[in-house]
Amino acid sequence: MASCKLTDNIYSVGTLNPNMRIFDVIMTTEFGTSYNSYIVKGSEKTALIEVCHLDFFDRYIENIREVCDPAEIDYIILNHCEPDHSGALARLLPLCPNAQIYVSQAGSIYLKNITNCSSLPVTVAKDGSSIDLGGRVLKFIPAPFLHWPDSMFTWSESDGVLFSCDFLGSHYCEPYTLDTRVTYPSCYKSAVKVYYDAIFGPFKPYVVAGLRKLDGLDIKMACTSHGPVLTSGCMLEYVLDRYAEWSCPVENGKISIPIFFCSAYGNTGLIAQEIRNGILETIPDAECEIYDINEHPMSELQYKLNTSSAFAVGSPTINGDAVAPVWNLLSHVDAINNKKKPVLVFGSYGWSGEAIPNLTVRLTGLKMTVYSDAVKVQFVPSEADFENARATGKSFAGQLR
Ligand code: FEO
């Protein structure tokens, strides 16, 4: 992607990464991504907003040079310092000897460790402060936890242009910059949802707070840091509405206590049934479905776990540990929003039953509230084991009423 003029004296100079299929280790990116960056010129000063991934520096600097000599850049604004936006900063800075960097307070600390440079020319962008480019003012709006503590928006009132960084973005890559040129809107919309779930799903209250900060702004264009630039009348309203919809708490009035398990010979599955019976004795209208982890898509299990009131998880012990699918499920826990969530651990074992203590350590490390009475059964559950599983399910549910 070459540079491109978006509106009067605002240019896109970012780069495309169409081949990326995994972002941040955990997120699949079926449609690649882009590292968006913008140059905003006033009559007196020039600002560069966001930098880019280090691997794409050569293409990036070519794009900048199509718009201006890097030495003419007066301000580098980093709305967020994750290395996909700041990785190339250390290489860029020697070419921009006059540039002052504007970041949030948190960002100013991160940048030192990202660039390993203690003498960066940094100014902390305070809430509501602004810089005047000459005929064009850029205002800083803190947006903490969208999605890092350092995140902020930059707003150009006279243009109606919001620089939102990751917020409202998507890992989606087509050759053109504007949403009006998106060739496959249904693919784009699915990318928006995947991106929202992975990046902003853990921060829904902050999304609501961020959207509130945008109330009253007459936004004509949102220059995100990934995916198409959003314009009013095309995708901007769609994305804003979806963010509002997806961030609303789901309330159906029911307590949900899903039970997840793997079972080698069916015994851990039998315990799951009895725990469920006990839970339903205490809360008859609870949503208490049992999920064999190997039989359901991980996305479904992840959703059920992350939106539950509490849950139970069971594993047999094989080779001195819980089994891999159970660990995989726990690697999909939203650790931020599941803090203190009650969880009951159970499982059948043959020799020594390490699955239960190992899962307990892991869940405690995720800051969940692990029920003190795990259900641990050697080999095949007896009638007494079933009674114990039912009673434990009953008492576990009792704490939720
Ligand atoms: Fe696109 Fe949070 O980095």
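A brief report on the enclosed structure follows.

What counts and what doesn't
Residues numbered from 1 in each chain as written. Predicted model: local features only at pLDDT ≥ 70, side-chain atom pairs only at ≥ 80, totals over all residues. Heavy atoms only, no water. Pairing = 2+ DSSP bridges. Helix = DSSP H or I, 4+ residues; strand = E, 2+ residues; numbered from the N terminus. Axes fitted to C-alpha atoms, helices over the stretch in contact; angles between N-to-C directions. Contact = heavy atoms within 4.5 Å. Phe/Tyr/Trp six-rings, centres within 6.5 Å; stacked < 30°, edge-to-face > 60°. Buried < 20%, exposed > 50% of the residue type's maximum accessible area, 1.4 Å probe, protein only. Lys NZ or Arg CZ within 6 Å of the ring centre and 35° of its normal. Parallel < 35°, antiparallel > 145°, perpendicular 65-115°, else oblique. Left-handed = near helix turned anticlockwise from the far one by under 90°. Patch = residues over 30% accessible without salt bridge, like charges linked within 9 Å, V, L, I, M, F, W, Y side chains within 5 Å. Areas by Shrake-Rupley, 256 points an atom, 1.4 Å probe, with all protein chains shown as cover. Salt bridge = Lys/Arg side-chain N within 4 Å of Asp/Glu carboxyl O. Expected span 1.5 Å × (residues − 1). Arc of directions from axis to C-beta.

In this section: the sheet that holds strand β9 (residues 75-77). One open sheet accounts for 7 strands, arranged β1-β2-β7-β8-β9-β10-β11; its pairing is mixed. Every interior strand has two partners, whereas the edge strands, β1 (4-7) and β11 (122-124), have only one. For this sheet, the mean angle separating the axes of adjacent strands, direction not counted, is 25°. Sheet topology note: the β9/strand β10 (residues 100-103) ladder contains 3 bridges and is parallel. The residue of β10 that forms the bridge with I77 is Y102. Across the sheet, helix α1 (residues 57-67) is in contact with β2 (10-12), β7 (38-41) and β8 (46-49); its angle to β7 comes to roughly 20°.

Per the counting criterion, the structure on display carries 20 aromatic pairs. Aromatic side chains Y75 and Y102 sit 5.5 Å apart centroid to centroid with 80° between the ring planes, which places their arrangement in the edge-to-face category. Highlighted residues: Y75 in strand β9 and Y102 in strand β10, separated in sequence by 27 residues. With a centroid separation of 5.5 Å and an interplanar angle of 20°, the aromatic rings of Y102 and F140 are classed as stacked. With a gap of 38 residues between them, Y102 in strand β10 and F140 in strand β13 (residues 137-142) connect regions that are remote in the sequence. F140 carries the same exposure label as Y102, and that label is buried. Through a chain of ring-to-ring contacts, the aromatic side chains of F153, F167, Y195, Y196, F200, Y243 and W246 assemble into a single cluster. A cation over a ring is seen here: K193 above W246, with NZ or CZ 4.8 Å from the ring centre.

Attention now goes to the packing of helix α5 (residues 185-200) against helix α7 (residues 236-247). Remark: α5 packs on α7, axes separated minimally by 11 Å, with the N-to-C direction vectors making an angle of 40°. The pairing of α5 with α7 is recorded here as oblique in orientation. Relative to α7, α5 is oriented so that their crossing is right-handed. Only Y238, V239, Y243, W246 and S247 of α7 make contact with α5, whose side of the interface consists of Y188, K189, V192, K193, Y195, Y196 and F200.

Here the focus is a nonpolar patch on the surface. On the surface, a cluster of nonpolar side chains totalling about 440 Å² of accessible area is made up of W351, F379 and V380. As for its placement among the helices and strands, F379 is situated in the loop between β23 (375-378) and α12 (383-398). Classification of F379 as partly exposed rests on a relative accessible area of 47%.

This part is about the pattern of salt bridges. Enumeration according to the criterion identifies 10 salt bridges in this entry. The residue E245 makes a salt bridge to R242 at a minimum N-O spacing of 2.9 Å. One end of the pair, E245, and the other, R242, are both in helix α7, 3 residues apart, so they sit about a helical turn from each other. In this structure, E387 engages R390 in a salt bridge whose closest nitrogen and oxygen atoms are separated by 2.6 Å. Taken together, the positions of E387 and R390, both in helix α12 and 3 residues apart, correspond to about one turn of that helix. A single network of salt bridges, built from pairs that share partners, joins R59, E62 and E66.

Once that is clear, we can look at α7. Spanning 12 residues, α7 covers 17 Å between terminal C-alpha atoms, matching the ideal 16 Å at 1.5 Å per step. Residues of α7 that are buried include every one of L236, V239, Y243, W246 and S247, and no others. Along α7, the residues classed as buried sweep out an arc of 115° about the axis, all on the same side. Buried residues belonging to α7 abut α5, α6 (204-214), β16 (221-224) and β17 (230-231).

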